[in-house]
Amino acid sequence: MAARGRSLPGMRGLATVPSYVVMQPTTLCNLDCAYCYLPLRAADRRMPLAVAEAVAVSVNRWTTAGRFSVVWHGGEPLAAGREQLAALMAPFGPEVEHHVQTNATLIDDAWCEFFAAHQMRVSVSVDGPRERNGDRVTRAGRPAYDRIVRGVAALRRHGLPFSALAVVNDPVPGRATELYDYCLDLGCEVLGVNIEETEGVNTRDNSHDATTVTGFWAELLAAWRRDPRIHLREVEWSLRYAAAVLDGTADELLPRRLDPIPTVAYDGSVVVLSPELAGFTDPRYGDFTSGNVLTTPLHAILADAERTTWVGEFMAGVEACRSSCPYFGFCGGGHAANRYFELGRFDGTETEHCRNSKIRLLEGVLEHARDHQSPGA
Ligand code: SF4
C-alpha cells in the first residue's frame, strides 16, 4: 500500500505562505507535565503587543486568499490572562480564526464567555481516564486531572465544541479502546493522538515494540469504526492516504512545498517547521530562529527561511526520506524537531517518532483492513 518514495515528485522548498501561525502569548505553564518539551515553562515571559501587531500585518494580508488560522499555544496560553490575550488578538482581522491549545485547568465560566465572544476554537490536552494522567501534574506535583475535568465541564455547560489531544506513553493492548471510549464520554468533536516523543527537555525513551504499536493503531481504528462520532485525526489521515493510493491520486496529497508553520515566540523570534525547537540553541545551528518580527515582517522572514542553516539540512533529510522510505508518500518526511532531538542533526531519516506515529500508524490501519476484508474480496 505504501507508495514507493522514489517515484514521488521532489519538494521544492518551503512555501512562503503558511497554512497557520503559532503564537506564544507566554512561556509560562501552570502545570509541570513529566513529558513536556518546553524549556521555559516555569518563567512568565509575556509577548508584548508590538509582536502581535507585527504578525497581524502579514496575517491580515494572507486572509485575502481566504480563512487563516492563528493558534495560541504556550506555555499555557490561558496563563497570560483574558485581558492580555484579548489585546494580542485585537490586531488580527475578522477573517482570522483563533484557536487555543490549553491544558484546560484554568477554564471557567469567564473563559468560556471569552471563547464564545471571540469564536475561539478550543483544544484541550487530556490523556484519557484519571489513571492515564499521572504525568499531568501541577507545579507542586499534584495530579491535575480534577482541574482538567472541571475545565471540560465548563466548556460543555456553555455548549462550546472542543477537540482533545492525548499523549500516549504506553501503547499497550487495550489502551486505544480505553482512550477512544473515554473521549466519546468526554464529548470532544476531534481527537488527536500523540505517542510520547523524545524532544525538547523531555529525554525519556520513546522506543516501543513494533508489533505492539501497530496493534495500538489497529485497535484505535477498530474502536472508531464501532462508533465514528469523533473525528480521529491520525486515522482519517491514513484512510485518506489509503483511498488516494487505491484511486491513483496519492502523489497529489503531498504538497510540492513544505508548510513552514511559523511559531512566533513571546519575544517575536520566528522558528519554522517545528515549534519544539523554540528556546533551544546549538553550536552548529544557533538558536534555530529565522528572524524576528520586531525587525523584519513575518512574510519577509518566510520568504528567506530556507537560508536558515538547519532548514537547508532538513530539506536534504526530506530528500533522503523521499528516495529511501516506502512510507514517504504518507509521511512527507517527518518533523524537524524529532530528527534533531533524536539524531542530533536534521538530515537523517528514520526516528522513533516516525516509526511510532507514521510507519506503525499506516501499518496498523492496513492490519485492521486486512483483518476485516470481506470473504472472497
Ligand atoms: S520521517 Fe520516517 S516515515 Fe517519514 S519518510 Fe522519513 S523515514 Fe519515512
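Bear in mind that the values here come from a model prediction, so they are computed numbers and not experimental data.

1. Comments concerning the nonpolar core
Here's step 1: Formed by 113 residues in total, the largest nonpolar core has its most connected members in Trp 72, Ile 107, Phe 115 and Trp 310.
Here's step 2: Apart from residues no more than four positions distant in its own chain, Ile 107 is found in contact with Leu 78, Thr 102, Cys 112, Phe 115, Val 122, Val 124, Gly 151, Ala 154 and Leu 155.

2. Comments concerning the pattern of salt bridges
Any two side chains of opposite charge can pair, so long as their charged atoms come close to each other.
Here's step 1: A complete count under the given rule lists 21 salt bridges for this structure.
Here's step 2: The residue Arg 257 makes a salt bridge to Glu 306 at a minimum N-O spacing of 4.0 Å. Separated by 49 residues along the polypeptide, Arg 257 in the loop between helix 7 (233-246) and strand 8 (263-264) and Glu 306 in the loop between helix 8 (298-303) and helix 9 (309-324) bring together distant segments of the chain.
Here's step 3: For Arg 257, a relative accessible area of 38% translates into the label partly exposed.
Here's step 4: By relative accessible area, which is 39% here, Glu 306 ends up partly exposed.
Here's step 5: The salt bridge partner of Arg 307 is Asp 304, with a shortest N-O separation of 2.8 Å.

3. So, the packing of aromatic side chains
Here's step 1: According to the stated counting rule, one finds 17 aromatic pairs in the structure shown.
Here's step 2: Considering the side-chain rings of Tyr 340 and Phe 341, the 5.0 Å spacing of their centres and the 70 degrees angle between planes classify their relative orientation as edge-to-face.
Here's step 3: An angle of 15 degrees between the planes, with centres 5.4 Å apart, marks the rings of Tyr 340 and Phe 346 as stacked.
Here's step 4: One aromatic cluster is present, built from ring pairs that chain together Phe 280, Tyr 285, Phe 288, Trp 310, Tyr 340, Phe 341 and Phe 346.

4. Quick look at the environment of Thr 309
Here's step 1: Here Thr 309 is to be found in helix 9.
Here's step 2: The class for Thr 309 is exposed, based on a relative accessible area of 55%.
Here's step 3: For the pair Thr 309 and Arg 284, spaced 25 residues apart in the sequence, the C-alpha separation amounts to 8.5 Å.

5. Describing the confidence of the model for the protein
Here's step 1: Per-chain confidence: the protein averages 91 in pLDDT, with 96% of residues scoring 70 or above.
Here's step 2: Confidence over residues 3-7 falls short of pLDDT 50; this stretch has 13 contacts with residues more than four positions distant or in other chains.

6. What about helix 1 (residues 49-62)?
Here's step 1: With 14 residues, helix 1 ought to run about 20 Å at 1.5 Å a step, and its terminal C-alpha atoms sit 20 Å apart, in line with that.
Here's step 2: At Ala 56, helix 1 shows its strongest bend, of approximately 30 degrees.
Here's step 3: Regarding helix 1, the residues found buried are Val 51, Ala 52, Ala 54, Val 55, Ala 56, Ser 58, Val 59 and Trp 62.
Here's step 4: As for helix 1, its buried residues are in contact with strand 1 (20-23), strand 2 (68-72), helix 2 (82-89), strand 3 (96-102), strand 8 and helix 8.

7. A closer look at the sheet that holds strand 4 (residues 121-125)
Here's step 1: Ordered by their spatial adjacency, 10 strands build an open sheet running 7-6-5-4-3-2-1-8-9-10, and the pairing between neighbours is mixed. With one partner strand each, in any of the chains shown, strand 7 (231-232) and strand 10 (291-292) form the two edges of the open sheet.
Here's step 2: Strand direction decides the pairing type here: strand 5 (residues 162-168) and strand 6 (residues 190-195), joined by six bridges, are parallel. Within strand 6, the position partnered with Ala 164 by the bridge is Leu 191.
Here's step 3: Across the face of the sheet, helix 1 comes into contact with strand 1, strand 2, strand 3 and strand 8 while running at roughly 170 degrees to strand 1.

8. A word on the site of the ligand
Here's step 1: The immediate surroundings of the ligand are formed by Cys 321, Cys 325, Phe 328, Cys 331, Gly 333, Gly 334, Thr 349, Glu 350, Cys 354 and Ile 359.
Here's step 2: Secondary-structure elements contributing two or more residues to the shell around the ligand are helix 10 (328-331) and helix 12 (352-371).
Here's step 3: Residues belonging to the shell around the ligand are distributed by class as follows: six nonpolar, three polar and one charged.

9. Things to note about the environment of Leu 31
Here's step 1: With respect to the helices and strands, the residue Leu 31 is situated in the loop between strand 1 and helix 1.
Here's step 2: Each C-alpha atom, one on Leu 31 and one on Glu 97, is 26 Å from the other, the two residues being 66 residues apart in sequence.
Here's step 3: Once you skip the residues sitting within four places of it in the chain, Leu 31 turns out to touch Arg 41, Asn 103, Thr 105, Arg 136, Val 137, Thr 138, Arg 139 and Ala 144.

10. A few points about the side chain of Thr 308
Here's step 1: Locating Thr 308 in the fold gives a position in the loop between helix 8 and helix 9.
Here's step 2: Reaching out from Thr 308, the side chain makes a polar contact with the side chain of Ser 290 at a distance of 2.8 Å.
Here's step 3: Ignoring sequence-local partners within four residues, the contact set of Thr 308 consists of Phe 288, Thr 289 and Ser 290.

11. Digging into the pairing of strand 2
For a regular strand, side chains alternate in direction, first toward one face of the sheet and then toward the other.
Here's step 1: For strand 2, the tally of buried residues reaches five of five residues, placing the bulk of the element in the interior.
Here's step 2: On strand 2, burial covers both faces: Phe 68, Val 70 and Trp 72 on one face and Ser 69 and Val 71 on the other are all buried.
Here's step 3: As paired elements, strand 1 and strand 2 share four bridges and run parallel to each other. Within the sheet, the bridge partner assigned to Met 23 lies in strand 2 and is Trp 72.
Here's step 4: Bridge count between strand 2 and strand 3: five bridges; the pairing is parallel. Bridged to Val 71 within strand 3 is His 99.
Here's step 5: Of the crossover connections in this fold, the one passing from strand 2 over helix 2 to the parallel strand 3 is right-handed.

12. Details of the pairing of strand 5
Here's step 1: Taking burial as the measure, the seven residues of strand 5 include six buried ones, the bulk of the element.
Here's step 2: Alignment of strand 4 against strand 5, held across four bridges, turns out to be parallel. Bridge pairing in strand 5 links Val 124 to Ala 164.
Here's step 3: Handedness of the crossover joining strand 5 and strand 6 through helix 5 (residues 175-186): right-handed.

Parameters and conventions
- Residues numbered from 1 in each chain as written.
- Predicted model: local features only at pLDDT ≥ 70, side-chain atom pairs only at ≥ 80, totals over all residues.
- Heavy atoms only, no water.
- Core = buried A, V, L, I, M, F, W, Y, C linked by side-chain atoms within 4.5 Å.
- Buried < 20%, exposed > 50% of the residue type's maximum accessible area, 1.4 Å probe, protein only.
- Contact = heavy atoms within 4.5 Å.
- Salt bridge = Lys/Arg side-chain N within 4 Å of Asp/Glu carboxyl O.
- Helix = DSSP H or I, 4+ residues; strand = E, 2+ residues; numbered from the N terminus.
- Phe/Tyr/Trp six-rings, centres within 6.5 Å; stacked < 30°, edge-to-face > 60°.
- pLDDT = per-residue confidence, 0-100.
- Expected span 1.5 Å × (residues − 1).
- Bend = angle between axes of the 7 residues up to and from the residue.
- Pairing = 2+ DSSP bridges.
- Axes fitted to C-alpha atoms, helices over the stretch in contact; angles between N-to-C directions.
- Near = heavy atom within 4 Å.
- Nonpolar A, V, L, I, M, F, W, Y, C, P; charged D, E, K, R; others polar.
- Polar contact = N/O pair within 3.5 Å; in protein donor to acceptor, adjacent residues only side chain to side chain.
- Right-handed = clockwise from strand over helix to strand, strands pointing away.

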